[in-house]
Amino acid sequence: MNIVVCVKQVPDTWAERTLRAEDSRLDRASVDGVINELDEYAIEEGLRLAEAHGGEVTILTMGPDKASESIRKARKVQTDGTAISIQRQTDYGYDEVEATLPAVVSVVEKINEPRYPSFKGIMAAKKKPVETLGLADIGLDPGQVGLAAAGTEVVSFAKRPPRQAGTIVKDDGDGGVKAADFLASQKFI
């Protein structure tokens, strides 16, 4: 069984980001890309299925999932190699949905707990070849993706204000009464 996991590469939220002057959009060249945090759960589920049923896992970096409504938001996935069964949480409990393979399934973060690779695994992965496909390789027109197809518009933006210095409050041995009075006067409590 071949399992393909589609993930989205996003800007690292911990990195310092800058906006482009010409259109106020994120300068993606100024920040490293990382795998969308929630897609780590999809990768883990793909690996789990491959371990249980044999097969190869291929990870594609793509946009939002295009799974049909019936096999979205899976919290549990089972397969026998010819059909797939999912459990999807609803407002009133769980729905059981079945489909024949091949199928596209999207998962929720409650499906598993992603494993993190060991140092040895990271070093081994660096030696493996990575195949990079362009838009033409997968049959997409550049106007269908990226900035050209973005559905958002930046109307205005401002840099975040610099962090202001804090106030040091010392306990004068009164059990914090003066500190509590100070915090109350500052409307913290």
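Look up a bit, the structure's there.
Keep in mind that what you see is a predicted model, and the values were worked out from it rather than measured. (Residues numbered from 1 in each chain as written. Predicted model: local features only at pLDDT ≥ 70, side-chain atom pairs only at ≥ 80, totals over all residues. Heavy atoms only, no water.)

Peer 1: Talk me through helix 1 (residues 39-53); I want residue IDs and the actual numbers.
Peer 2: In this model helix 1 runs 21 Å from its N-terminal to its C-terminal C-alpha over 15 residues, within 8% of the 21 Å that 1.5 Å per residue would give. Listed as buried for helix 1 are D39, Y41, A42, I43, E44, E45, G46, L49 and A50. (Helix = DSSP H or I, 4+ residues; strand = E, 2+ residues; numbered from the N terminus. Expected span 1.5 Å × (residues − 1). Buried < 20%, exposed > 50% of the residue type's maximum accessible area, 1.4 Å probe, protein only.)

Peer 1: An account of the nonpolar core is requested, with residue identities and associated values reported.
Peer 2: Formed by 15 residues in total, the largest nonpolar core has its most connected members in I3, V5, V77 and I86. Breaking this core down by element, the ones donating at least two residues are strand 1 (2-7), helix 1, strand 5 (74-79) and strand 6 (83-90). Residue contributions to this core peak at five residues, all from helix 1. (Core = buried A, V, L, I, M, F, W, Y, C linked by side-chain atoms within 4.5 Å.)

Peer 1: If you had to explain the environment of A149 to someone new, which residues and values would you point to?
Peer 2: Within the secondary structure layout, A149 lies in the loop between helix 2 (119-126) and helix 3 (177-185). Not counting the four nearest positions on each side in its chain, A149 is found in contact with G143 and Q144. (Contact = heavy atoms within 4.5 Å.)

Peer 1: Just give me the short version of the side chain of N112, but keep the residues and values in it.
Peer 2: Among the secondary structure elements, N112 is positioned in the loop between strand 7 (93-100) and helix 2. Relative accessible area serves as the criterion here: at 15%, N112 is assigned to the buried category. A polar atom in the side chain of N112 sits 3.1 Å from the backbone oxygen of Y41. Engagement of the side chain of N112 in a polar contact is seen with the side chain of E45, the distance being 3.2 Å. The contact partners of N112, leaving out residues within four places of it in the chain, are Y41, E44 and E45. (Polar contact = N/O pair within 3.5 Å; in protein donor to acceptor, adjacent residues only side chain to side chain.)

Peer 1: Now, about a nonpolar patch on the surface: what can you tell me, with residues and values included?
Peer 2: On the surface, L19, V154 and F157 cluster together into a nonpolar patch covering about 250 Å² of accessible area. Relative to the elements of secondary structure, L19 occurs in the loop between strand 2 (9-11) and strand 3 (33-35). (Patch = residues over 30% accessible without salt bridge, like charges linked within 9 Å, V, L, I, M, F, W, Y side chains within 5 Å. Areas by Shrake-Rupley, 256 points an atom, 1.4 Å probe, with all protein chains shown as cover. Salt bridge = Lys/Arg side-chain N within 4 Å of Asp/Glu carboxyl O.)

Peer 1: Explain the sheet that holds strand 5 to me, and be specific about the residues and the numbers.
Peer 2: What links the strands of a sheet is backbone hydrogen bonding, and the strands pair in either a parallel or an antiparallel sense. Strand order across the open sheet formed by three strands is 5-6-7, with antiparallel pairing between neighbours. Both edges of this open sheet fall to strand 5 and strand 7, since each of them pairs with a single strand only. For this sheet, the mean angle separating the axes of adjacent strands, direction not counted, is 20°. (Pairing = 2+ DSSP bridges. Axes fitted to C-alpha atoms, helices over the stretch in contact; angles between N-to-C directions.)

Peer 1: Talk me through the pairing of strand 5; I want residue IDs and the actual numbers.
Peer 2: Relative to strand 6, strand 5 is paired through five bridges, and the arrangement is antiparallel. Residue pairing in the sheet places K76 in a bridge with Q87 of strand 6. In this structure, the hairpin formed by strand 5 and strand 6 is closed by a connection of three residues, where G81 is found at a positive phi of approximately 100°.

Peer 1: Describe the layout of surface pockets, with residues and values.
Peer 2: Size it by volume and the second largest pocket reaches roughly 350 Å³. If you trace the second largest pocket, you find it lined by T13, W14, A15, E16, R17, T18, L19, F157, A158, K159 and R160. Class assignment for the residues of the lining of the second largest pocket results in five nonpolar, two polar and four charged. (1 Å grid on protein atoms, 1.4 Å probe; cavity = no way out; pocket = protein on both sides within 12 Å on 5 of 7 lines; lining within 4 Å. Points joined across faces, edges and corners; volume = space filled by probe spheres on them. Nonpolar A, V, L, I, M, F, W, Y, C, P; charged D, E, K, R; others polar.)

Peer 1: Any chance you could break down the environment of G46 for me, citing the residues and the numbers?
Peer 2: Tracing the backbone through its elements, the reader meets G46 in helix 1. Residue classification places G46 among the buried residues on the basis of a relative accessible area of 4%. Placed 31 residues apart in sequence, G46 and V77 show a C-alpha to C-alpha distance of 9.8 Å.

Peer 1: A description of the pattern of salt bridges should follow, citing residues and the corresponding values.
Peer 2: Inspection of the entire model under this criterion finds five salt bridges. Close ionic contact of R115 with E44 constitutes a salt bridge, the shortest N to O distance being 2.7 Å. Here R115, found in the loop between strand 7 and helix 2, pairs with E44, found in helix 1; they are 71 residues apart in sequence, far enough to count as distant. With relative accessibility at 47%, the residue R115 sits in the partly exposed group. Looking at E44, the relative accessible area reads 10%, which means it is buried. Residue E51 is joined to R115 by a salt bridge in which the shortest nitrogen-to-oxygen separation is 3.4 Å. Of this pair, E51 sits in helix 1 while R115 sits in the loop between strand 7 and helix 2, and the two are 64 residues apart along the sequence.

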